[in-house]
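Spelled out from the first residue to the last, the chains are:
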Amino acid sequence: MVRHPVPPAVGEKDKVVAGVRATPLADTISTCLRTLPMPAGLAVADSALRDYGLTREGLAGFVQAQPHSRGSRQAFQTIGWADGRSENGGESMVRGIIIELGFCVPELQVLVEDPTRSGGEYRIDYVWDTGVERPIFGELDGAGKYAEQGACGGRGEKVSGKAILAERRRESRLTLYDASIVRFSFPEAKDRPFFKALLEWYGVPKRDL
């Protein structure tokens with residue numbers, strides 16, 4: 001167990017959630033941004049923007065409300081990378097790793113038309129503009145997207161052949177864009193030497209550091 005002393009927020013009191021005493025949202029977000037590694041903190045910041053309708057300025061205000069707490073610089077740096085378009089925590093953490101490895105920040109959740117079906121669209125997790133005609137599409141793979149739907153609508157552990165076929169069809173359509181498609185799992189992204197080499201192999205551009 002890790003404990004962090006948190007100064008009380010002005011005008012706010014601790015809340016009880018599911019029978020557990022919890023700090024106010026502003027304190028919780030501020031503490032996470034100060035203490036978590038950047039990729040994990042980015043997942044918190046993205047979620048705050050996406051799920052609570054907050055802004056970067058609002059998050060910065062949470063941190064500024066505790067001026068004497070440690071980790072403010074890290075918190076502000078994380079807030080600077082926050083983007084509410086990230087679909088989930090895994091995608092946010094992978095983007096944080098991409099940033100820490102020095103690569104350009106991709107566009108998120110980009111919609112592209114299905115070239116073979118009028119009105120059809122595909123959503124791409126990450127897209128890099130390389131400055132030439134051939135873009136790079138990045139896809140974070142998770143086992144859940146291939147799991148078969150259970151009788152009650154939940155996902156089971158059985159791999160769905162239909163889901164795999166649909167994903168193969170989707171990827172074949174995306175190749176019509178003459179794009180490089182780099183796929184990776186969350187464990188692969190956490191293996192930083194491998195992930196860095198993978199992105200370099202595909203020509204993902206670096207930032208000017």
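An account of the accompanying structure is given in this report.

Quick word on the nonpolar core
Note that soluble globular proteins tend to have their nonpolar side chains buried in a common cluster. Grouped together as the largest cluster of nonpolar side chains are 17 residues, with contacts concentrated most on Val94, Ile98, Tyr126, Trp128, Phe184, Phe195 and Leu199. Beyond its immediate sequence surroundings of up to four residues, phenylalanine 195 is in contact with Val94, Ile97, Ile98, Leu101, Phe184, Glu188 and Ala189. One finds Ile29, Ala45, Leu59 and Ala75 within the second-largest nonpolar core, a separate group that totals eleven residues.

Looking at the sheet that holds strand S8 (residues 180–185)
Strands sit in the order S3-S4-S5-S8 across an open sheet of four strands; the sheet is mixed. The two strands at the open ends of the sheet, each matched to only one other strand, are strand S3 (107–113) and S8. For this sheet, the mean angle separating the axes of adjacent strands, direction not counted, is 45°. Summarising the sheet, strand S5 (residues 136–141) and S8 pair through six bridges and their orientation is parallel. When the sheet's bridge partners are listed, leucine 140 is paired in S8 with phenylalanine 184. Strands S3, strand S4 (121–128), S5 and S8 of the sheet are contacted by helix H5 (residues 89–100), whose axis makes an angle of about 30° with S4. Here helix H6 (residues 161–174) sits on the sheet in contact with S3, S4, S5 and S8, set at roughly 65° to S4.

Considering the side chain of arginine 34
Here arginine 34 is to be found in helix H1 (residues 25–35). One buried charged side chain, arginine 34, makes no salt bridge at all; its nearest oppositely charged neighbour is aspartate 27, positioned 8.4 Å away. Those residues within four positions of arginine 34 in sequence are excluded, and the remaining contacts are Val63, Gln66, Ser69, Arg70, Gly71, Ser72, Gln74 and Ala75.

With respect to the packing of aromatic side chains
Each aromatic ring pair is summarised here by two numbers: the centre-to-centre distance and the angle between the ring planes. On inspection of all chains with the given rule, the structure shows four aromatic pairs. Here tyrosine 126 and tryptophan 128 contribute two aromatic rings whose centre-to-centre distance is 6.2 Å and whose plane-to-plane angle is 25°, an arrangement assigned as stacked. Its relative accessible area of 1% is what places tyrosine 126 among the buried residues. By relative accessible area, which is 1% here, tryptophan 128 ends up buried.

Topic: the pattern of salt bridges
In this structure the tally under the stated criterion is 14 salt bridges. Notably, a salt bridge pairs arginine 50 with aspartate 51, separated by 3.2 Å at the nearest N-O pair. Residue class for arginine 50 comes out partly exposed when judged on its relative accessible area of 30%. Arginine 134 is paired through a salt bridge with aspartate 178; the nearest N and O atoms lie 2.3 Å apart. Of this pair, arginine 134 sits in the loop between S4 and S5 while aspartate 178 sits in the loop between H6 and S8, and the two are 44 residues apart along the sequence. Judged by relative accessible area, aspartate 178 falls into the partly exposed class, the value being 44%. Members of the salt-bridge network, linked through shared partners, are Glu139, Asp141, Glu167, Arg170, Glu171 and Arg183.

Quick look at the pairing of S4
With six of its eight residues buried, S4 lies for the most part within the structure. Examined bridge by bridge, S4 and S5 share three bridges and lie antiparallel to one another. Bridge assignment links tryptophan 128 to a residue of S5, and that residue is isoleucine 136.

Side note on the side chain of glutamate 91
One can find glutamate 91 in helix H5. No salt bridge is formed by the buried glutamate 91; the nearest opposite charge belongs to arginine 95, separated by 7.2 Å. Separated by 3.3 Å, the side chain of glutamate 91 and the backbone nitrogen of glutamate 87 make a polar contact. In this structure the side chain of glutamate 91 is engaged in a polar contact, spanning 2.7 Å, whose partner is the side chain of glutamine 109. Look past the residues within four positions of glutamate 91 in its chain and what remains in contact with it is Ser86, Gln109, Asp125, Tyr126 and Leu140.

Calculation rules
- Residues numbered from 1 in each chain as written.
- Predicted model: local features only at pLDDT ≥ 70, side-chain atom pairs only at ≥ 80, totals over all residues.
- Heavy atoms only, no water.
- Core = buried A, V, L, I, M, F, W, Y, C linked by side-chain atoms within 4.5 Å.
- Buried < 20%, exposed > 50% of the residue type's maximum accessible area, 1.4 Å probe, protein only.
- Contact = heavy atoms within 4.5 Å.
- Pairing = 2+ DSSP bridges.
- Helix = DSSP H or I, 4+ residues; strand = E, 2+ residues; numbered from the N terminus.
- Axes fitted to C-alpha atoms, helices over the stretch in contact; angles between N-to-C directions.
- Lys, Arg positive; Asp, Glu negative; His and termini not counted.
- Salt bridge = Lys/Arg side-chain N within 4 Å of Asp/Glu carboxyl O.
- Phe/Tyr/Trp six-rings, centres within 6.5 Å; stacked < 30°, edge-to-face > 60°.
- Polar contact = N/O pair within 3.5 Å; in protein donor to acceptor, adjacent residues only side chain to side chain.

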